Amino acid sequence: MKIKKIEWKNFASYGNRKQTLEFPQDACLFQVVGNNGVGKTTISQVISFCLYGKVEGKKLGDIPNRINGHTWTRIEFESGNKSITVERGLDPSVF
């Protein structure tokens, strides 16, 4: 599985503006670095929530941004020759 793009909004401390991470097609390994509190763990939690519907150590009610709510995530990835998109929110109609 190779992740091509991750998008989210209203997740943890991120607000209502859509955040996007796009990964180059020719790269196969990525390292996320940064100072404390800049969102490295949140990226991992976005992936976990989008693919599995849960985040280890958090209740579902603690995931959305406290001001805006309505968490939304999307991951586009390739598996073999297939391109797959997974979209998930806390609202059951978003999956």
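Fair warning: this is a prediction, and the values are worked out from it, not measured in the lab.

(A) Here's a closer look at the nonpolar core. Counting 15 residues, the largest nonpolar core has Ile6, Trp8 and Phe11 as the members making the most contacts within it. Looking at this core, the elements with two or more residues in it are strand S1 (2–9), helix H1 (40–52) and strand S3 (72–79). If you tally residues by element for this core, the top one is H1, at four residues.

(B) Representation of the pairing of S3 within the structure. Strand direction decides the pairing type here: S1 and S3, joined by seven bridges, are antiparallel. The residue bridging Ile3 from the neighbouring strand is Phe77, located in S3. Sheet analysis places S3 next to strand S4 (residues 82–89), joined by eight bridges and oriented antiparallel. Among the inter-strand pairings, Glu78 is bridged to a residue of S4, identified as Ser83.

What counts and how
- Residues numbered from 1 in each chain as written.
- Predicted model: local features only at pLDDT ≥ 70, side-chain atom pairs only at ≥ 80, totals over all residues.
- Heavy atoms only, no water.
- Core = buried A, V, L, I, M, F, W, Y, C linked by side-chain atoms within 4.5 Å.
- Buried < 20%, exposed > 50% of the residue type's maximum accessible area, 1.4 Å probe, protein only.
- Helix = DSSP H or I, 4+ residues; strand = E, 2+ residues; numbered from the N terminus.
- Pairing = 2+ DSSP bridges.

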